[in-house]
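Here are the chains, one letter per residue:
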Amino acid sequence: MRLRNITGADEIIANSEFVIAGPSEHKGHWKEYWHNENELHIEIGMGKGKFLMEMARLNSDINYLGIERYSSVLLRAVQKMEQAPLPNLRFLLMDARELTAVFAMGEVDRIYLNFSDPWPKDRHTKRRLPSRQFLQIFDQVLTEKGRLEFKTDNRPLFDFAMEEIEPAGWKLAAATYDLHQDEELSRGNVMTEYEEKFSALGHPICKYMIYRDKEGR
């Protein structure tokens, strides 16, 4: 269960050098913010930050932004960054529905969705991050060659996500229902906290990589 109320979390985040305040001011100018021409990868629902921190350590030539909507969760990532700062990683406290207010069209090279909230009730399908509603938002910020990667141990959510790809106008690049047994897709895989927990319990991890077929590519 997500932590939601930690005394002082909002103040710590507001004063952290690792959390970008007023991110919409950088819309269309993120390369200028980083002072380089590197690719920009974002994780939506980054949790405590394990995955993105490892990715940033492994890929110093890529800029990373972690997006989290709960301050009490983001606080954990901020605390980790204070212990081991990474120059190519910063955080945003925001809702994924606000992406187009923060990123210009074609400004993001890759989006990661890791163990997103399944929102199991039918009336909540539009809240699921792999839904066609969110895919439409993601399409507006990805580059022409951009890709979205999604991992989960929740098979019903993954089945739903697979069914949303075509109606949303996206294409499937690769998929597996057992990531850790897939030699190709598991190569270089960086695990999240949830992935370590669930795989240790014997839960197979599902993953797909999709892209938007812009201009027939």
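Residues numbered from 1 in each chain as written. Predicted model: local features only at pLDDT ≥ 70, side-chain atom pairs only at ≥ 80, totals over all residues. Heavy atoms only, no water.

Colleague: Before we go on, may I ask you to explain the overall build of the chain in this structure?
Modeller: When you go through the chain residue by residue, the secondary structure sums to 8 helices and 7 strands. In summary, the chain has a C-alpha radius of gyration of 17 Å against a globular reference of 17 Å for 217 residues, a match within 12%. Considered along the principal axes of its C-alpha atoms, the chain spans approximately 45 × 40 × 35 Å. Sequence-distant contacts, at least 24 apart, represent 76% of the contacts inside the chain between residues at least 6 apart. (Helix = DSSP H or I, 4+ residues; strand = E, 2+ residues; numbered from the N terminus. Rg over C-alpha atoms; globule rule 2.2 N^0.38 Å. Contact = heavy atoms within 4.5 Å.)

Colleague: I'm lost on helix H3 (residues 50-58) in this one. Help?
Modeller: In an α-helix, one turn spans 3.6 residues, which is why side chains three or four residues apart end up on the same side. Taken as a whole, H3 has its buried residues at Phe-51, Leu-52, Met-53, Met-55 and Ala-56. On its buried face, H3 sits against strand E1 (39-44), strand E2 (62-68), helix H4 (71-83), strand E3 (89-93), strand E4 (108-114) and strand E5 (142-152). (Buried < 20%, exposed > 50% of the residue type's maximum accessible area, 1.4 Å probe, protein only.)

Colleague: Could you clarify how one ought to interpret the nonpolar core in this entry?
Modeller: Nonpolar side chains tend toward joint burial in soluble globular proteins. Counting residues in each nonpolar core, the largest one holds 36 residues, and the members touching the most others are Ile-42, Ile-44, Leu-99, Phe-103, Ile-111, Phe-138 and Leu-148. In this structure, Leu-148 is in contact with Ile-111, Leu-113, Leu-135, Phe-138, Trp-170, Tyr-208, Met-209 and Ile-210, ignoring residues within four places of it in sequence. Core analysis: the next-biggest nonpolar cluster, separate from the first, contains 20 residues, Leu-52, Met-55, Tyr-64 and Tyr-112 among them. (Core = buried A, V, L, I, M, F, W, Y, C linked by side-chain atoms within 4.5 Å.)

Colleague: Looking at this model, I keep getting lost on unusual backbone geometry. Mind explaining?
Modeller: Comment: phi is negative for the bulk of residues other than glycine, and the bulk of peptide bonds are trans. Even without being a glycine, Phe-115 presents a positive backbone phi close to 50°. Assignment of secondary structure puts Phe-115 in the loop between E4 and helix H6 (132-141).

Colleague: Which parts of the structure should I look at to understand the packing of aromatic side chains?
Modeller: By convention here, two paired aromatic rings are described through the distance between centres and the angle between planes. Throughout the structure, instances matching the rule amount to 12 aromatic pairs. In this structure an aromatic cluster arises from ring pairing among Trp-30, Tyr-33, Trp-34 and Phe-103. Over the aromatic face of Trp-119 sits the side chain of Arg-127, whose NZ or CZ is 4.8 Å from the ring centroid. (Phe/Tyr/Trp six-rings, centres within 6.5 Å; stacked < 30°, edge-to-face > 60°. Lys NZ or Arg CZ within 6 Å of the ring centre and 35° of its normal.)

Colleague: Just checking my understanding: could you explain the pattern of salt bridges for this structure?
Modeller: Where charged atoms from two side chains of opposite charge approach closely, those side chains can pair. Counted under the stated rule, the structure contains 11 salt bridges. For Glu-54, the salt bridge goes to Arg-57, with nearest N and O atoms at 3.3 Å. Separated by 3 residues within a single helix, Glu-54 and Arg-57 lie in helix H3, roughly one turn from each other. Here Arg-132 and Glu-164 are joined by a salt bridge, their closest N and O atoms 2.7 Å apart. On the criterion of sequence distance, the pair formed by Arg-132 in helix H6 and Glu-164 in helix H7 (residues 155-165) is long-range, its members being 32 residues apart. Residues joined by salt bridges that share partners form a network here, namely Arg-69, Asp-95 and Arg-97. (Salt bridge = Lys/Arg side-chain N within 4 Å of Asp/Glu carboxyl O.)

Colleague: So what exactly am I meant to see when it comes to the pairing of E2 here?
Modeller: Side chains on a regular strand alternate between the two faces of the sheet. Burial runs high along E2: 7 of the 7 residues are buried. Here E2 shows no split at all, with Ile-62, Tyr-64, Gly-66 and Glu-68 on one side and Asn-63, Leu-65 and Ile-67 on the other all buried. For E2 and E3, the ladder comprises 5 bridges, and the chain directions are parallel. Among the inter-strand pairings, Tyr-64 is bridged to a residue of E3, identified as Leu-89. Between E2 and its parallel partner E3, the chain crosses via H4, and the hand of that crossover is right-handed. (Pairing = 2+ DSSP bridges. Right-handed = clockwise from strand over helix to strand, strands pointing away.)

Colleague: What should I look at first to understand the environment of Ala-21 in this one?
Modeller: Note on placement: Ala-21 falls in the loop between helix H1 (9-14) and helix H2 (30-34). Owing to a relative accessible area of 64%, Ala-21 belongs among the exposed residues under this scheme. Ala-21 sits 70 residues away from Phe-91 along the chain, and the two C-alpha atoms are 9.3 Å apart.

Colleague: Where do I start with the sheet that holds strand E6 (residues 170-176) in this structure?
Modeller: For sheets, the rule is that strands pair by backbone hydrogen bonds, running either parallel or antiparallel. Ordered in space as E3-E2-E1-E4-E5-E7-E6, the 7 strands form an open sheet in which the pairing is mixed. Looking at which strands have only one partner, the edges of the open sheet turn out to be E3 and E6. Across the sheet, the mean angle separating the axes of adjacent strands is 20° when strand polarity is ignored. As paired elements, E1 and E2 share 6 bridges and run parallel to each other. Within E2, the residue paired with Glu-39 across the bridge is Ile-62. Against the sheet, H4 makes contact with E2 and E3, and its axis sits at roughly 160° relative to E3, the strand it touches most. Packed on one face of the sheet, H6 meets E1, E4, E5, E6 and strand E7 (206-212) and runs near 140° to E5. (Axes fitted to C-alpha atoms, helices over the stretch in contact; angles between N-to-C directions.)

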